[in-house]
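Given next are the chains, with one letter for each unit.
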Amino acid sequence: MSSVTTTTTIGTFAAPSRRNTELALLVFAVLIPVFAYVNVGLAKDGSVPAGALGYAVGLGLLAGVTHLIVRKWAPYADPLMLPVATLLNGMGLVFIWRLDQEPSLGKAMAPNQLLWSTLGVALFIGMLILLKDHRVLQRYTYISMVTALVLLIAPVFFPGVNGAKIWITIPGLGSLQPGEFAKIVIAIFFAGYLMVKRDALALASRRFLGLYLPRGRDLGPILVIWALSLMILVLETDLGTSLLFFGLFVVMLYVATERTSWIVFGLLLSAGGAVAVATFESHVQTRVHNWLNPLELVNGGVTETAQAMYSFGSGGLLGSGLGQGYSRLIQGIAPKSDYILATVGEEVGLAGLMGLLLLYGLLIERGIRTALAARDPFGKLLAVGLTGAFALQVFVVAGGVTGLIPLTGMTMPFLAQGGSSVIANWALVGILIRISDTARRPAPTPAPSTDAEMTQVVRP
């Protein structure tokens with residue numbers, strides 16, 4: 001038998017970073033809001049707005065700086081998260097500025113929102129530079145729990161706004177909504193806690209109706225979280241944060257244990273708690289009543305839910321056009337925050353609203369994809385938690401405005417007016433990008449023994 005010796009050279013190929021793809025998408029993420037900004041000005045005054053160039057340069061600089069930071073400190077991160085977040089933030093600024101043109105809606109909010117957006121981007125940049133490894137956050141599991149409790153309890157000691165105590169007032173800075181930051185801190189705590197306790201929580205004592213029932217002593221964590229969410233609902237009359245807080249824990253618990261029974265128990269406890277609180281809390285009763293009877297006259301006028309329905313109806317499929325709607329007629333709860341989706345639905349129609357929701361869906365999908373690709377259990381749970389919190393908030397807000405569920409006091413991420421919301425969501429995206437960079441980064445390979453050359457012996 002003869003042998004044939006062949007020599008092959010193995011080259012080293014670096015995994016694609018997709019940064020050029022991100023840059024190309026960022027160009028569109030800047031041009032689309034700028035085009036919308038000009039469109040609003042032409043519709044309202046028949047001329048290009050005086051601030052169009054400044055807005056284009058400002059948004060372009062924010063996008064360019066963030067791209068350079070990601071290229072330098074997170075070169076293998078997902079290429080879609082940053083462009084989608086930039087586009088949503090840019091369109092939010094456009095819709096807020098469009099509503100600023102209506103004198104009946106009070107003072108202009110777009111300049112402040114631009115300032116808050118800049119601070120959010122600065123926090124995003126600081127997150128990528130300083131947080132070199134997301135696993136460092138696991139060290140602060142129980143510190144995160146204490147911080148989250150402080151953030152959630154603090155609004156109780158401040159006066160309520162529109163019937164809900166979700167704000168704190170800081171002299172010199174104005175009002176902040178600590179619940180927006182609490183969702184990130186809670187996700188860190190849940191990820192660290194469940195990574196350690198998931199094996200015990202996954203154990204089942206018996207099977208009933210096709211479900212594995214958890215052991216009695218393992219029900220403790222979910223009962224504690226359920227009780228805390230009810231306390232938030234009772235003390236702060238904040239239906240949105242309560243739903244987000246409890247729903248986030250149940251989702252992460254299901255992902256950690258893969259037990260459907262936890263989802264069932266969570267839904268039963270959530271429904272039972274909501275019904276119990278609604279029986280004696282007038283603010284929650286009013287929200288539910290307006291949801292069930294949207295066309296009922298209240299104090300001689302229609303409800304905000306009905307006004308939003310009229311906006312969606314008048315927008316139709318393609319909308320009335322940017323700057324040509326009548327969402328300014330929505331009174332009561334600010335149309336620049338809770339009901340900004342009504343302006344979107346009226347002026348860009350069902351097609352535009354679905355396109356916007358698809359952007360949110362794309363950002364959520366990339367977050368779940370990051371969780372699947374993460375190489376460590378903590379990173380997987382943290383990515384699921386952050387993405388789940390973002391998805392729950394989008395569902396709660398969009399569902400409330402469209403009449404799917406009762407209205408809550410939360411803001412649409414990146415789109416609605418609110419400094420706390422835009423800053424917190426930029427931080428959330430920053431952590432997801434850091435996890436994504438770690439997950440997509442090529443694993444180091446051992447150096448070849450003979451200068452990248454291998455000798456292969458082939459025997460015919």
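Below is a short write-up of the structure. Note that this is a predicted model, so its numbers are computed, not measured.

1. Remarks on helix H3 (residues 81–100)
So, step 1. Given a rise of 1.5 Å per residue, 20 residues ought to cover 28 Å, and the 29 Å separating the end C-alpha atoms of H3 matches this to within 8%.
So, step 2. Among the 20 residues in H3, 20 count as buried, and that is most of the element.

2. Here we look at the packing of aromatic side chains
So, step 1. Inspection of every chain in the model, using the stated rule, returns 10 aromatic pairs.
So, step 2. Relative to Phe 190, the ring of Phe 189 lies with its centre 5.5 Å away and its plane at 45°, an arrangement referred to as tilted.
So, step 3. For Phe 190, a relative accessible area of 1% corresponds to the buried category.
So, step 4. Aromatic side chains Phe 414 and Trp 426 sit 5.5 Å apart centroid to centroid with 80° between the ring planes, which places their arrangement in the edge-to-face category. Taken as a pair, Phe 414 in the loop between helix H14 (377–402) and helix H15 (419–440) and Trp 426 in helix H15 lie far apart in primary sequence, 12 residues in all.

3. Points about empty space enclosed by the protein
So, step 1. This structure, assessed with the given rule, holds 5 cavities of 30 Å³ or more.
So, step 2. One number sums up the size of the largest cavity: a volume of about 70 Å³.
So, step 3. For the largest cavity, the full set of lining residues is Leu 59, Leu 62, Ala 63, Thr 66, Thr 86, Asn 89, Gly 90, Leu 93, Leu 114, Ser 117, Val 121 and Trp 426.
So, step 4. Counting only elements with at least two residues in the lining of the largest cavity, the list comes to helix H2 (52–73), H3 and helix H4 (110–130).

4. Some words on the side chain of Arg 19
So, step 1. Along the chain, Arg 19 falls in helix H1 (residues 19–45).
So, step 2. The class of Arg 19 is buried, set by a relative accessible area of 2%.
So, step 3. From its side chain, Arg 19 meets the backbone oxygen of Ala 77 in a polar contact 3.1 Å long.
So, step 4. Dropping the residues within four chain positions of it, Arg 19 is found in contact with His 67, Val 70, Arg 71, Ala 74, Pro 75, Tyr 76, Ala 77, Asp 78 and Pro 79.

5. So, H15
So, step 1. Compared with an ideal rise of 1.5 Å per residue, which puts 22 residues at 32 Å, H15 spans 32 Å between its outermost C-alpha atoms and is within 8% of the ideal.
So, step 2. Extensive coverage of H15 is indicated by the burial of 20 of its 22 residues.

6. Focus: the pattern of salt bridges
So, step 1. Overall, the coordinates contain 11 salt bridges when judged by the stated rule.
So, step 2. One salt bridge connects Glu 180 with Lys 183, and the closest N-O pair in it is separated by 3.1 Å. Of the two residues, Glu 180 and Lys 183 both sit in helix H6 (residues 178–202), 3 residues apart, roughly one turn of that helix.
So, step 3. Arg 366 is paired through a salt bridge with Glu 365; the nearest N and O atoms lie 3.7 Å apart.
So, step 4. Here the salt bridges do not stand alone but share partners, grouping Lys 44, Arg 98, Glu 102 and Glu 347 into one network.

7. Here's the deal with the packing of H4 against H15
So, step 1. At a minimum axis distance of 8 Å, the contact between H4 and H15 shows a crossing angle of 25°. The pairing of H4 with H15 is recorded here as roughly parallel in orientation. Considering how the two elements wind past one another, H4 and H15 form a crossing that is right-handed. Facing H4, whose interface residues are Gln 113, Trp 116, Ser 117, Leu 119, Gly 120, Val 121, Leu 123, Phe 124, Met 127 and Leu 128, H15 presents Gly 419, Val 422, Ile 423, Trp 426, Ala 427, Val 429, Gly 430, Ile 431, Ile 433 and Arg 434.
So, step 2. Looking at the contact of H4 with H15 residue by residue, the class counts come to 14 nonpolar, 5 polar and 1 charged.

Criteria and thresholds
Residues numbered from 1 in each chain as written. Predicted model: local features only at pLDDT ≥ 70, side-chain atom pairs only at ≥ 80, totals over all residues. Heavy atoms only, no water. Helix = DSSP H or I, 4+ residues; strand = E, 2+ residues; numbered from the N terminus. Expected span 1.5 Å × (residues − 1). Buried < 20%, exposed > 50% of the residue type's maximum accessible area, 1.4 Å probe, protein only. Phe/Tyr/Trp six-rings, centres within 6.5 Å; stacked < 30°, edge-to-face > 60°. 1 Å grid on protein atoms, 1.4 Å probe; cavity = no way out; pocket = protein on both sides within 12 Å on 5 of 7 lines; lining within 4 Å. Points joined across faces, edges and corners; volume = space filled by probe spheres on them. Polar contact = N/O pair within 3.5 Å; in protein donor to acceptor, adjacent residues only side chain to side chain. Contact = heavy atoms within 4.5 Å. Salt bridge = Lys/Arg side-chain N within 4 Å of Asp/Glu carboxyl O. Axes fitted to C-alpha atoms, helices over the stretch in contact; angles between N-to-C directions. Parallel < 35°, antiparallel > 145°, perpendicular 65-115°, else oblique. Left-handed = near helix turned anticlockwise from the far one by under 90°. Nonpolar A, V, L, I, M, F, W, Y, C, P; charged D, E, K, R; others polar.

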